[in-house]
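Take a look at the letters that make up each chain.
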Amino acid sequence: MGTDKVYNSIEEVLDVAESAEGKTVGEFDINNRLDSRGNKGGIGQVLEEGLFKMAVNSRAEADFVDLGLELKVTAIKENKKNDFSAKERLVLNIINYEEDYKDSFEESSFWQKNKNLLVIFYLYKDELDKKDFPIIKSVLHNFDPVDLEIIKQDWQTIIDKIKAGEAHNISEGDTMYLAACTKGANAKSIRKQPFSNIPAKQRAFSLKSSYMSAFARRVIDRQLIPSLFNVDELKSKTTLQLLQERFAPYIGKRVSEIAKLVDIPVTKNKAFNANLISAVLGVKGTKLESLREFSKANIKFKTIRLEPTGIPKEHMSFEQIDFHRWVNDAWEDSQLYEKFEYTKYLFVVFQYDETEKENKNREPYLKGIMLWNMPEVVIEHELKDFWKATKAILEEGVQLTPVRNGVSNNLPGASFNGVCHIRPKARDGKDQVELPDGQHITKQCYWLNREYIAEIVKDI
């Protein structure tokens, strides 16, 4: 291609972008890039060339360099409720472990390249060829002031890990909106880090898919998302510090005392805990997952009830296992990896000071809270070992053995590795799913061991 087209203003670029709305991706594929399966740049490159009349590049500075504007093309999906969600995270620039820690946020390569983004959304549909994906919306993305404070904190969290010689232990769950995702031909793409001899996976700054989903809904569906915190609060305190402030007046109080203070009736309804916590946070009646900070950061809420020993009575359950997916997916595409690599949890911890035998009407008190994500070292060792062991059993065929009270199996149990295991979670023995080997088994979930949970929250 000859000389790139010159754009004199951001408005001119946006006009060209908006002219593509309602058209299909294939209308701009002037070099037949979408015919090549190995072309990962794919649709983004197609629009650079065919829509904007620019040569494909991987330059360090922004795509429209004279305007300080970076082009990003990303997919959205439409769910059964007709809501849009991001198909994937928005990958930004590669993290340079050797250089990025030397700069302030304002001078960083991340900020210089990504402070002004032109985001083009196209609609991904399984049944369509890539050429037929419709272009839905083009929008200029400038970081909202509240979001920007959290982005700054996230950037600093990543940089602090590099400075501590912990680049090899970076996880996407460490941060709220801005993540450090793996980037390379495969998970074995590694780089040197300056403060440790341990090689680290190559990573790129990225905006989490949960953040991009919220952004898409705001600009396409005009959905407004309520916030917990304002920009002034976030300029001086972290999200965790602000959450701790909201909970502080209730620490040490019994559940019934807290409910009375926030004017919530005590019930045995499953929604009671969530209603109580939203009231404590000052957003009574609002679902936690609909709050800006929770939805954009993919924060899930879990209550933990500790016995006087400091150990929960129950293991912590998660979602039902898709056994066919477990066998077919690679590790980094797996249900298990996705759950713990990309999710952060708000643990609200209560504790009993009497045993159930001592007082059957006992009531726990609020001990504290924490924001937790599974450490990368646990993900890559205990969690991966658990996934591999389960995969091997599924491929060989699960051993189902009739016993007096049902059917036992040889899937990893609570004694497997001290972190996670598989156990049933079903209405009854007839509530079953098919295994890859054609047998049927009572629905199963993966669980975190109660002793592991106790270790996580012991210092609250």
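Residues numbered from 1 in each chain as written. Predicted model: local features only at pLDDT ≥ 70, side-chain atom pairs only at ≥ 80, totals over all residues. Heavy atoms only, no water.

Asker: Please give an account of the sheet that holds strand β6 (residues 178-182) that cites residues and values.
Answerer: Read across the open sheet, the three strands follow the order β3-β9-β6; overall the sheet is antiparallel. Each having just a single partner strand, β3 (90-94) and β6 make up the two edges of the open sheet. With strand direction ignored, the average angle separating the axes of adjacent strands in the sheet is 40°. Pairing geometry for β3 and strand β9 (residues 203-207), over three bridges, is antiparallel. Each bridged residue has a counterpart across the sheet, and for L90 the counterpart in β9 is L207. Lying on the sheet, helix α4 (residues 145-163) is in contact with β6 and β9; it crosses β6 at an angle near 40°. (Pairing = 2+ DSSP bridges. Helix = DSSP H or I, 4+ residues; strand = E, 2+ residues; numbered from the N terminus. Axes fitted to C-alpha atoms, helices over the stretch in contact; angles between N-to-C directions. Contact = heavy atoms within 4.5 Å.)

Asker: So, the environment of P199: which residues are in play, and what are the values?
Answerer: With respect to the helices and strands, the residue P199 is situated in strand β8 (residues 196-201). Measuring from C-alpha to C-alpha, the distance between P199 and S415 comes to 32 Å, with 216 residues separating the pair along the chain. In contact with P199, not counting residues within four places along its chain, are H168, I190 and R191.

Asker: Which residues make up the packing of aromatic side chains, and what values go with them?
Answerer: Tallied over the full model, the rule gives 27 aromatic pairs. A ring pair is formed by F318 and Y345, whose centres lie 5.8 Å apart and whose planes are at 80°; its orientation type is edge-to-face. Taken together, the positions of F318 in strand β11 (residues 316-320) and Y345 in strand β12 (residues 344-351) put the pair 27 residues apart, joining distant regions of the chain. A relative accessible area of 9% places F318 in the buried class. Judged by its relative accessible area of 2%, Y345 is buried. Ring geometry for Y345 against F347: centres 6.0 Å apart, planes inclined by 25°, an arrangement best described as stacked. (Phe/Tyr/Trp six-rings, centres within 6.5 Å; stacked < 30°, edge-to-face > 60°. Buried < 20%, exposed > 50% of the residue type's maximum accessible area, 1.4 Å probe, protein only.)

Asker: Tell me about the state of the cysteines, residues and numbers included.
Answerer: Tallying each qualifying case throughout the model produces zero disulfides. No disulfide involves C445; its nearest neighbouring cysteine sulfur is the one of C420, lying 14 Å away. According to the relative accessible area criterion, C445 is buried, its value standing at 3%. (Disulfide = S-S within 2.5 Å.)

Asker: So what's going on with the environment of I264? Which residues, and what values?
Answerer: Within the secondary structure, I264 sits in the loop between α8 (255-261) and α9 (272-280). If we ignore the near neighbours within four places in the chain, the residues touching I264 are A259, F272, N275, A279 and K284.

Asker: Please give an account of the sheet that holds strand β13 (residues 365-372) that cites residues and values.
Answerer: Reading across the sheet, the three strands line up as β10-β12-β13 and stay open at both edges, with mixed pairing between neighbours. Each having just a single partner strand, β10 (299-306) and β13 make up the two edges of the open sheet. Put simply, the sheet's adjacent strands are angled 20° from each other on average, direction ignored. As judged from the eight bridges shared by β10 and β12, these two strands associate in the parallel manner. Across the sheet, R305 pairs through a bridge with F350, a residue of β12. Packed onto the sheet, helix α14 (residues 450-457) meets β10, β12 and β13 and runs at close to 90° relative to β13.

Asker: Tell me about the pattern of salt bridges, and name the residues and values.
Answerer: Overall, the coordinates contain 27 salt bridges when judged by the stated rule. Of the charged contacts in the structure, one is a salt bridge between K152 and E106, with a shortest N-O distance of 3.8 Å. Note that K152 is positioned in helix α4 and E106 in the loop between β3 and α3 (109-114), a separation of 46 residues in sequence. Since its relative accessible area comes to 26%, K152 is described here as partly exposed. Exposure remark for E106: the relative accessible area of 43% places this residue in the partly exposed category. E376 serves as the salt-bridge partner of R203, at 3.4 Å between the closest nitrogen and oxygen. (Salt bridge = Lys/Arg side-chain N within 4 Å of Asp/Glu carboxyl O.)

Asker: Account for the pairing of β12, with residues named and values stated.
Answerer: A large share of β12 lies buried, amounting to eight of its eight residues. Alternating residues of β12 divide into K344, L346, V348 and F350 and Y345, F347, V349 and Q351, and every residue in both groups is buried. As defined by bridge partners, β12 adjoins β13 across seven bridges and the pair is classed as antiparallel. When the bridges of β13 are listed, F347 appears paired with M370.

Remember that the coordinates give geometry; whether it matters functionally is a separate question.
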